[in-house]
Amino acid sequence: MTTFSLNVPNFGTTLAEDSYAKLVQVCQSAEAAGFDRVLVTDHVVMGSDNSAYTWSAFPTEPDANWLEPLTVLAFVAGQTKTIRLGTGIVIAALRGGAVLAKTAATLDLLSGGRLDLGVGTGWQEREYEAAGMDFGKRGPLLDDALAVCRALWSSAPASIDTPRLKFDDVYCAPRPAAGIPIWVSGSLSKAVVRRVATWGDGWIPIMGAADDDLREGIDVIGKAMADLGRDPAELQVRGRLTVVRGSDGSIDLPATMIGAEQLLESGATDVLVALAAVDPDPDAAMAEFGELVAAFAKVTR
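Conventions adopted
- Residues numbered from 1 in each chain as written.
- Predicted model: local features only at pLDDT ≥ 70, side-chain atom pairs only at ≥ 80, totals over all residues.
- Heavy atoms only, no water.
- Buried < 20%, exposed > 50% of the residue type's maximum accessible area, 1.4 Å probe, protein only.
- Helix = DSSP H or I, 4+ residues; strand = E, 2+ residues; numbered from the N terminus.
- Pairing = 2+ DSSP bridges.
- Polar contact = N/O pair within 3.5 Å; in protein donor to acceptor, adjacent residues only side chain to side chain.
- Contact = heavy atoms within 4.5 Å.
- Phe/Tyr/Trp six-rings, centres within 6.5 Å; stacked < 30°, edge-to-face > 60°.
- Lys NZ or Arg CZ within 6 Å of the ring centre and 35° of its normal.

Looking at an unreviewed UniProt entry, one finds the chain named TIGR03619 family F420-dependent LLM class oxidoreductase, with Rhodococcus qingshengii as its source organism.

Rendered as structure tokens:
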């Protein structure tokens, strides 16, 4: 199944109007227009030095609002009906596996099974320092968090035995009846490939990944999944859509959808567009949603 997702900024001032009622309005508008999913992102604390963020200019000042993503999605869930609710990503290790498992399962239950849990390690050392964790061990900490989530969601009683964490005879309810899809972000390092193949339903390529990177990743991760007895055809993959503009500044839908077609041909199953890429003015962006979704639907017929 091919899906179309909207990245909604849960940070800064863009959607801060009326205590972020504008954010809910954008999500409701996305649902009405036919987007399949809205995504929000994560930072728990911010340091003053953002130089480790290498993909573009960091979008906020250190002291700007950055709303906790799972709380935002819980609020949005109560004011929408069908649109899927995703994190892209949440820094899973900072919550700890047991707390994350409980929070995610609760949100999934109350939203009617609409949660997609995108996870990653993050890039900022200060967040791990603030949580009393070793940034150098962020990969293994994420592994433990995912192992705990899967165990607590699927077993009663549940048990875990890793080099860093051990427990048994514990119960954690609610447990998601249909499971919660986990999307793992990262490059094609051995650790990320293993993480996606072991626990992931989806892969979120690193920012800036090209179409060829998607093809390579799908092949590498697919082989790793097959080695574990999993069906590579079930892997979901996210691609980021570039919005092309004409000489008058309006969206060039045919040119933009060529990019969507190329992402799908490269193996993407979910195409993500950022709200600000549609238009920096959220009201103007919402006015474009219908035509954008309709154009994408024609590509996927």
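Peer 1: Break down the pairing of strand β5 (residues 115–120) for me, citing the residues and quoting the values.
Peer 2: Here β5 lies mainly inside the structure; six of its six residues are buried. Burial along β5 is two-sided: Leu-115, Leu-117 and Val-119 facing one way and Asp-116, Gly-118 and Gly-120 facing the other are all buried. Two strands pair when backbone bridges link them, and strand β3 (residues 84–87) and β5 are joined in this way by two bridges, in the parallel orientation. By the bridge assignment for β5, Leu-85 is matched with Leu-115. Pairing analysis gives two bridges linking strand β4 (residues 90–91) to β5, with the strands arranged parallel.

Peer 1: An account of the side chain of Gln-124 is requested, with residue identities and associated values reported.
Peer 2: In this structure, Gln-124 sits in the loop between β5 and α5 (125–130). Looking at Gln-124, the relative accessible area reads 3%, which means it is buried. A polar contact is formed between the side chain of Gln-124 and the backbone oxygen of Val-45, at a distance of 3.0 Å. Looking at Gln-124, its side chain comes within polar contact range of the side chain of Glu-127, at 3.2 Å. Among residues more than four places away in sequence, those in contact with Gln-124 are His-43, Val-45, Met-46, Gly-47, Asn-50 and Phe-135.

Peer 1: Outline the packing of aromatic side chains, supporting the account with residue identities and numerical values.
Peer 2: Both the distance between ring centres and the angle between the ring planes are used here to describe each pair of aromatic rings. Summed over the entire model, instances satisfying the criterion amount to ten aromatic pairs. A ring pair is formed by Tyr-53 and Trp-123, whose centres lie 5.4 Å apart and whose planes are at 55°; its orientation type is tilted. Placement of the pair is Tyr-53 in the loop between β2 (37–40) and α2 (69–77) and Trp-123 in the loop between β5 and α5, with a sequence separation of 70 residues. Taken individually, Tyr-53 and Trp-123 each receive the classification buried, so the pair is uniform in this respect. With a centroid separation of 5.8 Å and an interplanar angle of 20°, the aromatic rings of Phe-58 and Trp-66 are classed as stacked. The exposure classification of Phe-58 matches that of Trp-66, with both residues buried. Ring pairing ties together the aromatic residues Phe-11, Tyr-53, Trp-55, Phe-58, Trp-66 and Trp-123, which thus form one cluster. Over the face of the ring belonging to Phe-135 we find Arg-138, whose NZ or CZ atom lies 3.9 Å from the ring centre.

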